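# Structural overview
Chain residues, written in single-letter form:
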Amino acid sequence: MRTNGSTRRVGGSLLTDPQARAWLFQIVAVVAVVAFGWFLFHNTQANLAHRGINSGFGFLDNAAGFGIPQHLIDYSESDTYGRVFWVGLLNTLLVSVVGIVLATVLGFVLGVARLSPNWLIRKLATLYIETFRNIPPLLQIFFVYFAVIGPLPGPRDSLSLGDLVFVNNRGLQLPAPSAGDGFWAFWLALLLAIVLCGVLARWAKARRDATGRRFPLFWSALALLVAVPWLAALLWGSPFQWDVPQLQRFNIRGGWTVIPELVAIVVALSVYTAAFIGETVRAGIQAVSRGQTEAAASLGLRPGQLLRLVIIPQALRVIVPPLTSQYLNLAKNSSLAAAIGYPDMVSLFAGTVLNQTGQAIETMAITMSVYLAISISISLLMNAYNKRIALTER
Amino acid sequence: MTRVKSTLAVLGAAALLGASGVTHAGATLDAVKNKGFVQCGISDGLPGFSFADAKGQYQGIDVDVCRAVAAAVFGDAGKVKFSPLTAKERFTALQSGEVDVLSRNTTWTSSRDAAMGLNFTGVTYYDGQGFLVNKEIGVNSAKELDGATVCIQAGTTTELNLSDYFRANNLKYTPITYDTSDESAKSLESGRCDVLTSDQSQLYAQRIKLAKPDDYVVLPEVISKEPLGPAVRQGDEEWFDIVRWTLFAMLNAEELGVTAANVEDMAKTTKNPDVARLLGAEGEYGKDLKLNKNWAVQIVKQVGNYGEVFERNVGKGSELKIERGLNALWNKGGLHYAPPVR
């Protein structure tokens, strides 16, 4: 804003002074927006009260009274709607996080495979990407749920792996570990092994810098990580007791059960999003100039090193911003889980809770805020990461 | 899709609440007359209650209630449009004004009546919750269902009764919740769940839709009271009365022996004062309801009395073959009892 006194007329009114006028209009605009918002809020409240529809967030303390098939925190029917919110939120986050990890791994493999010198690998990757990114995600979810998992045998004819792991149309049943005699010894030993690995890595780097001799770091670290906890288990007893699934009258009980709805939504979403990530990765790699590859090759780097040390770090700068969008898409698409009965935020909170309480405005507002919060968190994290890798630029 | 729909409904609700002022009694009837039809919320496919037949026409008890309201208001049962709603969408659709009447096998409960801005106008069908199981699992009673996986529809009283019943009997279960009854039926067939639970009338209806109905059996236990009836928005008593008395007219007609076949003759020749008042030959009872004099004649002529509607849709004249049982008139051992027209 200008503070040049000469433009201001002495005794000028509010409307003739450009600075005052600018302020005036902005204040009027803000007041109008706030007043409109207040009017909407007040009118909604008045109408809800007039029609005898409960409003407010008091319902969150009422007992829910319905069962939920998958909950990461303790939940029973006598818990509150507030608790249902957390169950739904965690279930949504579970899908998002697992989906993002799987989609990233698969996507990077696809992206690299798209540029492979091997004709077959290259064409297979292209086929995959063109197929999966062009089919709507909801159809893919239905396909995995009804056509892939649906025809699996029932619990009594489960496919089993040595009577420890069972696969059937009720999901995947795994033995569940619980703390055994050597539980603490095992974790302490693992921690010790990790520290030893760190020390070893430093020493190996120092030696290579000093003498140029390489040390087989990967294999020795792996050996440490396996051997030390194993020794601890031998000395202090088994760290885990296994709760093995058993067939009972209707279902296989005990152990861990991964419900088929979760499998379907995670598989479908990661397969779908991986196709997009694959293209992003390919584009990122191709954005690195050919001279970089040739220069690195002429320095004697092997193809693996070339990719890991030269290409990928530079490609990441191009990859990360569009990758963020793909992560956001996956997190938002996780709400499609409601279509196959997976108890996520939308199905539990914006569905069942909304219906049992009838408080549509509150539950929808909460649900939308949750997705907004999840998306903004992903955005912020990825932006922070982007900044960090951008700093390595010369 | 349902998600989008319900979100739209909520946005619609917000817009409506923002735009319209406070409603006055009679607003619904005026609006209905202006647009020329009754917008009625029905279920998304339940034989006997509301479903589209081979010709694409909606059929069923719930549908007939809507048609009866249209007959009462316009003298033409055809002046009605239907909105198929899932259990999850139904209340928002009514609250937001998307439909004028919700006639969708909805259980009358205190919280729905008092806290959701709805009024139930009566009971069209006395139901109770039951269980449908595959004969293969060899269960004869619901008490043997410990550890079972149960398929249910989201946002129903069924969901709550189920949890109450299993808790009260100290049984464990895993609920799998779907949006539509078709999805839960599909899951029962594929073996994803052992049991399908719903109101008994629905179980019979869903059973005949399965590929092999004879492999499935409805267990004897009825674990809840489910009085199903139409609902309207709270705050418009005039419209509430019209929907309520439409149902009462159908019940009274059955009680007085008025049928679709004889209603016109009876309206002209009757000596029975009860019949004369109902059919508008005596008094101005239609006018009190802001309807035509012959409102009840139109209902019975075009839709039928309650008994006819019941038998045609779910009783002897239908595939379901459900007995009258609790749904008989009070003087035949059932629960249906309509106040008199006078």
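Our subject in this report is the structure included herewith. Keep in mind that what you see is a predicted model, and the values were worked out from it rather than measured.

### With respect to the overall build of chain B
Across its full length, chain B holds 14 helices and 14 strands. For a compact globule of 342 residues, the expected C-alpha radius of gyration is about 20 Å, and chain B comes in at 21 Å, within 12% of that figure. Taking the principal axes of its C-alpha atoms as reference, chain B extends roughly 60 × 50 × 40 Å. Counting the 342 residues in chain B, one finds 59% classified as buried. The long-range share in chain B, meaning contacts at least 24 apart out of those at least 6 apart in sequence, stands at 72%. When the accessible area of chain B is evaluated, it comes to approximately 13300 Å², of which 52% is carbon and sulfur surface. Positive and negative side-chain charges in chain B, numbering 37 and 42 respectively, have mean positions lying 3 Å apart.

### Digging into the interface of chain B and chain A
The interface of chain B with chain A comprises 56 residues on the first partner and 53 residues on the second. Contact between chain B and chain A buries roughly 4400 Å² in total, counting both sides, with carbon and sulfur atoms accounting for 50%. For the interface between chain B and chain A, the tally reads 2 salt bridges. Between Arg-192 of chain B and Glu-261 of chain A there is a salt bridge whose closest N-O contact spans 2.9 Å. The tally of links from chain B across to chain A stands at 14 residue pairs in polar contact (both at pLDDT 80 or more). Elements that contribute at least two residues to the side of chain B that touches chain A include exactly helix H1 (2-19), helix H4 (90-95), helix H5 (110-115), strand E9 (148-153), helix H6 (157-168), strand E10 (173-178) and helix H7 (181-190) of chain B.

### Quick look at the packing of helix H3 (residues 61-74) of chain B against helix H13 (residues 295-302) of chain B
Residue and element names in this part refer to chain B. H13 packs onto H3 with a crossing angle of 140° between their chain directions and a minimal axis gap of 8 Å. Compared by their axis directions, H3 and H13 come out oblique. At the point where H3 passes H13, the crossing takes the right-handed sense. Across from Arg-67, Ala-68, Ala-71 and Ala-72 in H3, the residues of H13 making contact are Trp-295, Gln-298, Ile-299 and Gln-302. Broken down by class, the residue content of the contact of H3 with H13 amounts to 5 nonpolar, 2 polar and 1 charged.

Thresholds applied
- Residues numbered from 1 in each chain as written.
- Chains lettered and ligands numbered in written order.
- Predicted model: local features only at pLDDT ≥ 70, side-chain atom pairs only at ≥ 80, totals over all residues.
- Heavy atoms only, no water.
- Helix = DSSP H or I, 4+ residues; strand = E, 2+ residues; numbered from the N terminus.
- Rg over C-alpha atoms; globule rule 2.2 N^0.38 Å.
- Buried < 20%, exposed > 50% of the residue type's maximum accessible area, 1.4 Å probe, protein only.
- Contact = heavy atoms within 4.5 Å.
- Areas by Shrake-Rupley, 256 points an atom, 1.4 Å probe, with all protein chains shown as cover.
- Lys, Arg positive; Asp, Glu negative; His and termini not counted.
- Charge placed at Lys NZ, Arg CZ, Asp CG, Glu CD.
- Buried area = accessible area lost by both parts, 1.4 Å probe.
- Salt bridge = Lys/Arg side-chain N within 4 Å of Asp/Glu carboxyl O.
- Polar contact = N/O pair within 3.5 Å; in protein donor to acceptor, adjacent residues only side chain to side chain.
- Axes fitted to C-alpha atoms, helices over the stretch in contact; angles between N-to-C directions.
- Parallel < 35°, antiparallel > 145°, perpendicular 65-115°, else oblique.
- Left-handed = near helix turned anticlockwise from the far one by under 90°.
- Nonpolar A, V, L, I, M, F, W, Y, C, P; charged D, E, K, R; others polar.

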